[in-house]
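Report on the structure
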Amino acid sequence: MKIKINGKETFFEKRTLLAEALKSAGFSVPLYCSGRGVCKRCAVYANGELSERTESEKELPVGVRLACKTYAEGDCEISVIEGESLPVLCFEKLPPHESIEGYAIAVDVGTTTLAAVLLRDGRAVDFRCTQNPHVSLGADVLTRTGANGEDLRNAIKDLTEDFFNTASVTRLCVCANTAMLYLLTGNDTSPLKTSPFTVNEHFGKYVDVGLPIPAYIPNVISAFVGADALCGILLCEILACGGDFLLCDIGTNCETACRKDEKTVCASAAAGSAFGEIGVPSELIKALYHLKCAGAIDKNGALSEESDLVYDGKAEISERGDFLLASDVFRLITDKAALRTAIDFVCDCKYPERVFVSGAVGAEETENAMKGIGLLPHGANVEFLQNSALAGA
């Protein structure tokens, strides 16, 4: 049978999982949930002779399938999604920058995802995102410090190429955590690897990053609170109109910032690897809350064998048969605890009523779960921003 992938024909002799077809054609397939259909990161456009939709795919748009769950049963065509299925910031939350005329680009170099937005006269008109080329090296920042910066520059060049080709761009802002910025600009990352984690370059200036125009890189705050966190704080200050707030950015790496009594305190949490490697944060948070409410987790954070949901060292988290291993649950609990510790630290255990949550989380049920597992204070008024760094940039 013939499978056409992004216009190129490939041939297979038998029924083939789309993920396997993509891998054989040289595509990187992000299977953060180990092919359980939970994370939705492997979504592709597909049509032709395909297997029936699974329960994991019921809510996906027409023509979008999960590569980890869909089989090619005859001739078909696949178009790889360059990040369109990932959360996109609700830019309508932002007031337009009426003083800015012409075209501008903002780029967020995330540890897992690279995202870029094209603006015209201060309003967002187009969006792109793709996977960070260094994802295979590891989930946390320290595993990336020896990576090749040229790969990162090329990925950003590819990501923004259409923007530069179709618009007369005059302004460019690039934000990222400190390690990503050091790699991008060719700075020595060794001071970031060991105590006292010295920052030798604070940026806050224009830098040549291999794009048609120099990029403005905002200041980094510390070795593990970078320019992306600063941009997120800027966004929250605009939305909060100068009032108090707590920002919690949940992703592969987690940062928190609390603005209170005209002072902002920031921290980076030793958390996020579980969220980045096991699946989408919102689904994992809801799964953890589900297990807690069902009595499937004991007071020590271990799976309770007395629960009907627990068997063979794993916990069932949905009627579809999705499950988490005991080791997954332990990592999620410890990562959650690290992030809550950072929140308590920056707030000094006195929490602002207004809480902004950034990252791949959202919806009311996620908010209830975040409070239910003790990640956020119960009285918090939560607003979801998705990519606060990109919007702030």
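How each quantity is defined
Residues numbered from 1 in each chain as written. Predicted model: local features only at pLDDT ≥ 70, side-chain atom pairs only at ≥ 80, totals over all residues. Heavy atoms only, no water. Helix = DSSP H or I, 4+ residues; strand = E, 2+ residues; numbered from the N terminus. Areas by Shrake-Rupley, 256 points an atom, 1.4 Å probe, with all protein chains shown as cover. Pairing = 2+ DSSP bridges. Axes fitted to C-alpha atoms, helices over the stretch in contact; angles between N-to-C directions. Contact = heavy atoms within 4.5 Å. Phe/Tyr/Trp six-rings, centres within 6.5 Å; stacked < 30°, edge-to-face > 60°. Lys NZ or Arg CZ within 6 Å of the ring centre and 35° of its normal. Salt bridge = Lys/Arg side-chain N within 4 Å of Asp/Glu carboxyl O. Buried < 20%, exposed > 50% of the residue type's maximum accessible area, 1.4 Å probe, protein only. Expected span 1.5 Å × (residues − 1). Bend = angle between axes of the 7 residues up to and from the residue. Polar contact = N/O pair within 3.5 Å; in protein donor to acceptor, adjacent residues only side chain to side chain.

Focus: the overall build of the protein
- Of the regular secondary structure elements, the protein holds nine helices and 20 strands.
- Accessible area of the protein: about 18000 Å², with a carbon and sulfur share of 48%.

Some points on the sheet that holds strand 19 (residues 354-359)
- The mixed open sheet is built from five strands, whose spatial order is 15-14-13-19-20. Each of the sheet's edge strands pairs with one partner strand only, and the pair in question is strand 15 (263-269) and strand 20 (381-386). Neighbour-to-neighbour, the strand axes of the sheet open up by a mean angle of 15°, direction not taken into account.
- Looking at chain direction, strand 14 (residues 254-260) and strand 15 are connected through seven bridges and run antiparallel. Residue pairing across strands places R259 opposite T264, the latter belonging to strand 15.
- Of the strands in this sheet, strand 13 (245-250), strand 14, strand 15, strand 19 and strand 20 touch helix 4 (residues 227-239), which is tilted by about 140° from strand 13.
- This element, helix 7 (residues 326-347), spans strand 13, strand 14 and strand 15 of the sheet and lies at about 160° to strand 15.

Brief notes about unusual backbone geometry
- Here the amide bond leading from S195 into P196 is cis, since omega sits at 10°, within 30 degrees of zero.
- Tracing the sequence through the fold places P196 in the loop between helix 3 (178-185) and strand 11 (205-207).

Details of the packing of aromatic side chains
- For the coordinates displayed, the defined rule picks out four aromatic pairs.
- Look at F197 and F224: their rings are 5.5 Å apart centre to centre, the planes differ by 75°, and that puts the pair in the edge-to-face class. Of this pair, F197 sits in the loop between helix 3 and strand 11 while F224 is found in the loop between strand 12 (215-217) and helix 4, placing the two residues 27 residues apart along the sequence.
- Of note, R15 hangs over the ring of Y71, and the distance from its end group to the ring centre comes to 3.9 Å.

Considerations on the pattern of salt bridges
- All told, the structure shown has eight salt bridges when counted by the stated rule.
- Here R153 makes a salt bridge to E150, at a shortest N to O gap of 2.8 Å. A residue pair is termed a helical-turn pair when its members lie 3 or 4 positions apart in one helix, as R153 and E150 do in helix 2 (residues 149-166) at three residues.
- Measuring nitrogen to oxygen at the nearest pair gives 3.1 Å for the salt bridge that ties K205 to E201.
- When its relative accessible area of 36% is taken as the criterion, K205 is described as partly exposed.
- The class of E201 is buried, set by a relative accessible area of 17%.

Structural notes on the sheet that holds strand 18 (residues 323-325)
- The strand order 16-17-18 describes an open sheet built from three strands, whose pairing is antiparallel. Strand pairing shows two members of the sheet lacking a second neighbour, strand 16 (310-311) and strand 18, which therefore form its edges.
- With respect to the sheet, helix 7 is in contact with strand 17 (314-316) and strand 18, its orientation differing from that of strand 18 by roughly 80°.

Remarks on helix 2
- For helix 2, spanning 18 residues, the distance from its first C-alpha to its last is 26 Å, which sits close to the expected 26 Å at 1.5 Å a residue.
- Largest kink in helix 2: about 45°, centred on T160.
- Among the residues of helix 2, G149, L152, A155, I156, L159, T160, F163 and F164 are the ones counted as buried.
- Its buried side turned inward, helix 2 meets strand 7 (103-109), strand 8 (113-120), strand 9 (123-131), strand 10 (169-176) and helix 3.
- The opening residue of helix 2, the one whose side-chain oxygen lies 2.9 Å from the backbone nitrogen of E150, is N148.

Some details on the environment of G379
- Mapped onto the secondary structure, G379 falls in the loop between helix 8 (364-372) and strand 20.
- By relative accessible area, G379 is classed as exposed at 67%.
- In this structure the C-alpha to C-alpha distance between G379 and R354, which are 25 residues apart in sequence, comes to 9.4 Å.

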